[in-house]
Number of protein chains: 2
Amino acid sequence: MERSVEPVTLINPFEVPANADEDFIARWEKARDFLREQPGYVETRLHRSLRPDARFRFVNIALWDSPQAFQQAMAQPQFREGSAMPYPANPALYAVVRR
Amino acid sequence: MERSVEPVTLINPFEVPANADEDFIARWEKARDFLREQPGYVETRLHRSLRPDARFRFVNIALWDSPQAFQQAMAQPQFREGSAMPYPANPALYAVVRR
């Protein structure tokens with residue numbers, strides 16, 4: 001499999017209602033524990049908004065070696081079955097275009 | 001002014017229609033050029049989605065020394081007048097809570 005010259009960035013903003021922080025984090029940690037064992041995983045950081053009323057209460061920002069590595073990890077049956085997330089998510093892969 | 005122990009993260013997902021990339025980037029660069037001269041600015045990275053049909057075509061991720069520094073930069077009349085952005089944005093400040 002070809003690898004990108006530099007990692008791709010997964011950005012995933014989540015809409016999580018008030019009082020659901022603990023439930024969300026528990027589910028996110030379970031998904032993270034699986035994903036970080038997959039080929040091509042580099043790192044991840046879960047961000048929580050300073051204000052509790054932000055539209056996107058949590059945003060996950062992760063690095064993967066390539067789009068293919070991320071897609072393959074997402075496609076694992078073990079992940080799909082174990083990571084049901086009842087909160088609206090907007091995952092997409094990104095590249096840095098300006099600094 | 002007190003400073004946070006570590007920087008805060010601004011995450012700003014933008015909805016930008018097809019064929020508006022150039023216009024968006026030109027406006028974003030103008031805003032960046034102003035903001036990076038302001039007290040408390042650390043760095044910024046503009047991310048563009050690999051797929052052109054992502055809900056959020058661009059996501060800006062910046063670091064600021066403190067929430068106060070960011071709010072003060074946003075409140076500058078020169079910024080408010082010069083940075084009209086016709087694309088829906090969702091800016092909020094975040095802290096890293098899990099890795």
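What counts and how
- Residues numbered from 1 in each chain as written.
- Chains lettered and ligands numbered in written order.
- Predicted model: local features only at pLDDT ≥ 70, side-chain atom pairs only at ≥ 80, totals over all residues.
- Heavy atoms only, no water.
- Helix = DSSP H or I, 4+ residues; strand = E, 2+ residues; numbered from the N terminus.
- Buried < 20%, exposed > 50% of the residue type's maximum accessible area, 1.4 Å probe, protein only.
- Contact = heavy atoms within 4.5 Å.
- Lys, Arg positive; Asp, Glu negative; His and termini not counted.
- Charge placed at Lys NZ, Arg CZ, Asp CG, Glu CD.
- Least-squares fit on C-alpha atoms with pLDDT ≥ 70 in both.
- pLDDT = per-residue confidence, 0-100.
- Polar contact = N/O pair within 3.5 Å; in protein donor to acceptor, adjacent residues only side chain to side chain.
- Phe/Tyr/Trp six-rings, centres within 6.5 Å; stacked < 30°, edge-to-face > 60°.
- Lys NZ or Arg CZ within 6 Å of the ring centre and 35° of its normal.
- Arc of directions from axis to C-beta.
- Salt bridge = Lys/Arg side-chain N within 4 Å of Asp/Glu carboxyl O.

A. The arrangement of the overall build of chain A in detail. Regarding its fold elements, chain A presents three helices and four strands. Scanning chain A from its N terminus toward the C terminus, one meets helices and strands in the order β-α-β-β-α-α-β. The buried share of chain A, taken over its 99 residues, is 43%. A sequence separation of at least 24 residues applies to 72% of the contacts in chain A between residues at least 6 apart. Side-chain charges of chain A comprise 13 positive and 13 negative groups, with the mean position of each set lying 4 Å from the other.

B. Broad picture of the relation of the copies chain A and chain B. Overlaying chain A on chain B yields an RMSD of 0.0 Å, the required transformation being a rotation through 180° with an accompanying axial translation of 0.0 Å. Both copies of the chain, as the preceding transformation shows, are related through a two-fold rotation axis. Among all residues of chain A, the minimum C-alpha distance to the rotation axis is found for P13 of chain A, at 4.3 Å. The share of interface residues of chain A whose copies in chain B are also at the interface is 100%, consistent with both copies meeting through the same surface.

C. Quick look at the confidence of the model for chain A. Confidence in the prediction for chain A averages 92 pLDDT; 93% of positions are at 70 or higher. This complex was scored by the predictor with a pTM of 0.92 and an ipTM of 0.91.

D. Layout of the side chain of S66 of chain A. All names here are of chain A. Summarising the element assignment, S66 is placed in the loop between β3 (58-64) and α2 (67-74). Here S66 falls in the buried class, since its relative accessible area comes to 2%. In this structure the side chain of S66 is engaged in a polar contact, spanning 3.0 Å, whose partner is the backbone nitrogen of A69.

E. Inspection of unusual backbone geometry at higher detail. All names here are of chain A. For N19, which is not glycine, the phi dihedral falls at a positive 75°. Looking at where N19 falls in the secondary structure, it is placed in the loop between β1 (8-14) and α1 (21-35). Of the residues examined, N19 reaches a relative accessible area of 84% and is grouped as exposed.

F. Just the packing of aromatic side chains, in detail. Under the counting rule described, the total for this entry stands at 13 aromatic pairs over all chains. Relative to W64 of chain A, the ring of Y41 of chain A lies with its centre 5.6 Å away and its plane at 90°, an arrangement referred to as edge-to-face. Remark: W64 of chain A occurs in strand β3 and Y41 of chain A occurs in strand β2 (residues 41-49); sequence separation between them is 23 residues. Ring centres of W64 of chain B and F70 of chain B lie 5.7 Å apart, and the angle between their planes is 70°; this geometry places the pair in the edge-to-face category. By the burial criterion, W64 of chain B is buried, and F70 of chain B matches it. Aromatic ring contacts, followed pair by pair, group F14, F24, F58 and Y87 of chain A into a single cluster. Here the basic side chain of R57 of chain A rests over the ring of F58 of chain A, its NZ or CZ set 6.0 Å away from the ring centre.

G. Inspection of α2 of chain A at higher detail. For α2 of chain A, the complete set of buried residues consists of A69, F70 and A73 of chain A. Mapping the buried residues of α2 of chain A onto a view down its axis gives an arc of 100°, with all of them on the same face.

H. Representation of the pattern of salt bridges. Per the stated rule, a full pass over the model turns up 16 salt bridges over all chains. Measuring nitrogen to oxygen at the nearest pair gives 2.8 Å for the salt bridge that ties R57 of chain A to D21 of chain A. Residue R57 of chain A is found in the loop between β2 and β3, and its partner D21 of chain A is found in helix α1; the two are separated by 36 residues along the sequence. Residue classification places D21 of chain A among the buried positions, given a relative accessible area of 15%. Here D33 of chain B ties to R36 of chain B by a salt bridge, and the two come within 3.1 Å at their closest N and O atoms. Judged by relative accessible area, which is 35%, D33 of chain B ranks as partly exposed. Through salt bridges with shared partners, a single network forms among D21, R48 and R57 of chain A.

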